[in-house]
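Letter by letter, the chains look like this.
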Amino acid sequence: MRTAAYALLAGRDFSRRELTARLLRKGHRRELVEAAVEALVQQGLLREARYAGQFVTQNAGRGRGPVRIRMGLREKGVAPEAIDQALGEAETDWVAAAREARRRKFGLSPPADHRERAKQARFLQYRGFSSEQIRAALGPGEDGPDHDDHDQP
């Protein structure tokens, strides 16, 4: 049973809930699985903080925002404290990430009208960016290479 847990962990990190579910699906008894998972935690081989940090880095690199990442970690059973810590330690400029996600999908030109702006905002919301990050990403004049600083005080 522990060998199966070690084999899974050799491939990648897991959350506690995710590893438990995998081992139960393989047909191991719940008591043995819970004991083995607890032993892995005690040995420092199963660390949710490390898993959460890797999850944040990987998903931020895929153009996902902090709201969606938080939701994904919750679904994996990661403790709220570990989620907050991982998102807090992320070296990601979320507004820049939202701008980049928008550029990849819609190109360099800013939204032409209200309808296009709403469409892009919905896309960024789906990707997991906050309202504030979306407003900043769609802000006037900050998206394209023709940005004009004449309006800035």
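Residues numbered from 1 in each chain as written. Predicted model: local features only at pLDDT ≥ 70, side-chain atom pairs only at ≥ 80, totals over all residues. Heavy atoms only, no water.

**Q** How would you explain the packing of aromatic side chains if you had to name every residue and give the values?
**A** Across all of its chains, the model carries two aromatic pairs by this definition. When the ring of Tyr51 is compared with that of Phe55, the centres are 6.0 Å apart and the planes differ by 40°; the resulting orientation is tilted. Placement of both Tyr51 and Phe55 in helix α4 (residues 48-61) is noted, with a separation of four residues, approximately one turn of the helix. The ring of Tyr126 has Arg68 lying over it, and the distance from NZ or CZ to the ring centre is 4.7 Å. (Phe/Tyr/Trp six-rings, centres within 6.5 Å; stacked < 30°, edge-to-face > 60°. Helix = DSSP H or I, 4+ residues; strand = E, 2+ residues; numbered from the N terminus. Lys NZ or Arg CZ within 6 Å of the ring centre and 35° of its normal.)

**Q** Can you tell me about the packing of helix α5 (residues 66-75) against helix α6 (residues 80-89), naming the residues and giving the values?
**A** At a minimum axis distance of 10 Å, the contact between α5 and α6 shows a crossing angle of 150°. Where α5 crosses over α6, the two elements pack in a sense that is right-handed. On the side of α5, the interface is formed by Pro66, Ile69, Arg70, Leu73 and Arg74, while α6 contributes Ile83, Asp84 and Leu87. Among the residues forming the contact of α5 with α6, the class breakdown is five nonpolar, no polar and three charged. (Axes fitted to C-alpha atoms, helices over the stretch in contact; angles between N-to-C directions. Left-handed = near helix turned anticlockwise from the far one by under 90°. Contact = heavy atoms within 4.5 Å. Nonpolar A, V, L, I, M, F, W, Y, C, P; charged D, E, K, R; others polar.)

**Q** Account for helix α1 (residues 2-11), with residues named and values stated.
**A** Those residues of α1 not exposed but buried are Ala4, Ala5, Leu8 and Leu9. Along the axis of α1, the buried residues cluster in a sector spanning 130°; they form a single face. Those residues of α1 that are exposed and angled more than 90 degrees off the buried face are Thr3, Ala7 and Ala10. Residues of α1 that are buried in the fold lie against α2 (16-25) and α3 (30-42). (Buried < 20%, exposed > 50% of the residue type's maximum accessible area, 1.4 Å probe, protein only. Arc of directions from axis to C-beta.)

**Q** Can you explain the nonpolar core? Please cite residues and give values.
**A** Residues Ile69, Leu73, Val78, Leu124 and Phe129 are the most contacted members of the largest nonpolar core, which totals 22 residues. Of all elements in the fold, only α4, α5, α6, α7 (94-106), α8 (114-127) and α9 (131-138) reach the threshold of two or more residues within this core. When residues of this core are assigned to their parent elements, the largest contribution, five residues, is made by α4. Setting aside its immediate chain neighbours within four residues, Val78 contacts Ser15, Glu48, Tyr51, Ala52, Leu73 and Ile83. Counting 11 residues, the second largest nonpolar core, distinct from the first, contains Leu9, Leu19, Val33 and Leu46. (Core = buried A, V, L, I, M, F, W, Y, C linked by side-chain atoms within 4.5 Å.)

**Q** Just give me the short version of the side chain of Thr20, but keep the residues and values in it.
**A** Assignment of secondary structure puts Thr20 in helix α2. Overall, the relative accessible area of 14% leaves Thr20 in the buried class. When sequence neighbours within four positions are dropped, the list of residues in contact with Thr20 reads Val33 and Val37.

**Q** Residue-level account of the pattern of salt bridges, with values.
**A** Under the criterion given, the structure shown has eight salt bridges. The partner of Glu34 in a salt bridge is Arg30, and the shortest N-O contact between them spans 3.4 Å. With a gap of four residues between them, Glu34 and Arg30 both fall in helix α3, about one helical turn apart. In the salt-bridge network here, residues are joined through shared partners; they are Arg12, Glu18 and Lys76. (Salt bridge = Lys/Arg side-chain N within 4 Å of Asp/Glu carboxyl O.)

**Q** Give me α5: which residues, what numbers.
**A** Pro66, Ile69, Gly72 and Leu73 are the residues of α5 that are buried. Within α5, the buried residues cover an arc of 120° as seen down the axis, which keeps them to one side. Along α5, exposed side chains directed more than 90 degrees from the buried face belong to Arg74 and Glu75. Elements that come into contact with the buried residues of α5 comprise α4, α6, α7 and α9. Phi turns positive one or two residues past the end of α5, at Gly77, with a value near 85°.

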